[in-house]
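# Notes for the structure review
Spelled out from the first residue to the last, the chains are:
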Amino acid sequence: MRGVALIDAGAGVSAGLFGRRLLAAAGPAGERHLLLTHGHADHAGGAAEMARLVPALDVRAGAPADAWIASGDEEMLSVDRGKASGVYPAEYGFAACPSARPIGDGEQVDLGGGVVLTAVATPGHADGHTCYLLDAPEGRALFSGDCVFTGGRISLQNLHDARVPEYAASLDRLAELEIDMLLPGHHEISLARAGRHLTAARDVLRRGLLPGSTT
Ligand SMILES: [Zn+2]
């Protein structure tokens with residue numbers, strides 16, 4: 001094994017636990033990657049603390065979210081809206097993670113042993129949203145963040161960077177992927193024949209409608 005990767009960091013409450021597990025799994029010489037699906041605090045808020053705990057942690061996110069995460073730009077990351085809706089407590093602060101760097105569409109992270117992660121740019125839920133496609137000897141999985149959930153549901157919120165046409169294009173693109181497993185950032189996971197969830201979303205869009213939103 002060449003390295004390990006964690007997809008998303010949570011809001012920060014469990015960053016210590018995640019950091020220790022990542023270090024233990026990587027061993028002293030293994031590469032350590034933190035691949036963020038997008039900048040919302042429930043996915044990227046723990047990145048700064050993890051970067052502090054894990055030496056040489058490679059923190060990546062799709063542009064422009066990487067820059068917002070690096071500077072801790074609460075307005076662009078919609079932390080203010082999250083507080084207004086009661087998702088985050090009023091005293092919550094997004095910790096800037098200066099080491100965050102961009103990951104481009106199609107960029108690959110090779111973890112060794114035939115395990116490769118590929119970034120798939122999927123804007124719509126938020127600018128810079130990126131899914132990660134995992135190819136492994138055991139099968140193919142999609143870490144879909146907040147882009148698509150089981151049953152083809154989506155997450156469309158009243159935020160500055162929620163964009164319906166981009167969202168539809170992203171879901172169209174994902175539906176072409178042949179995957180075994182779907183591992184979204186919330187709700188249920190699907191461990192078999194998971195492509196059906198992706199085509200379900202596309203089929204609704206082709207009828208001129210929007211899939212149901214989880215938020
Ligand atoms: Zn989100």
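Placed above this text is the structure.
## Observations regarding the sheet that holds strand S9 (residues 181–184)
Pairing between sheet strands relies on hydrogen bonds along the backbone, with the strands arranged either parallel or antiparallel. Strand order in the open sheet formed by five strands is S5-S6-S7-S8-S9, and the pairing between neighbours is mixed. Strands with a single pairing partner mark the edges of an open sheet, and in this sheet they are strand S5 (108–112) and S9. Here the average twist between neighbouring strands, direction ignored, is 20°. Across four bridges, strand S8 (residues 139–145) lies against S9 in parallel orientation. By the bridge assignment for S9, Phe-143 is matched with Leu-183.

## Quick word on the nonpolar core
With 57 residues, the main nonpolar core has Ala-9, Leu-34, Leu-35, Ala-47, Met-50 and Ile-69 as its most contacted residues. Split by domain, this core shows at least three residues from each of two domains, domain 1 (1–103) and domain 2 (104–215).

## Observations concerning the sheet that holds strand S1 (residues 3–7)
Read from one edge to the other, the open sheet built from four strands follows the order S1-S2-S3-S4, with strand pairing classed as parallel. Either end of the sheet is taken by a strand with one partner, and the two such strands are S1 and strand S4 (101–102). Note that S1 and strand S2 (residues 31–35) share five bridges and pair parallel. Residue pairing for S2: Ile-7 is matched across the bridge by Leu-35.

About the thresholds
- Residues numbered from 1 in each chain as written.
- Predicted model: local features only at pLDDT ≥ 70, side-chain atom pairs only at ≥ 80, totals over all residues.
- Pairing = 2+ DSSP bridges.
- Helix = DSSP H or I, 4+ residues; strand = E, 2+ residues; numbered from the N terminus.
- Axes fitted to C-alpha atoms, helices over the stretch in contact; angles between N-to-C directions.
- Core = buried A, V, L, I, M, F, W, Y, C linked by C-beta atoms within 7 Å.
- Buried ≥ 20, exposed ≤ 12 C-beta atoms within 10 Å, placed from the backbone.
- Domains from an automatic or database assignment.

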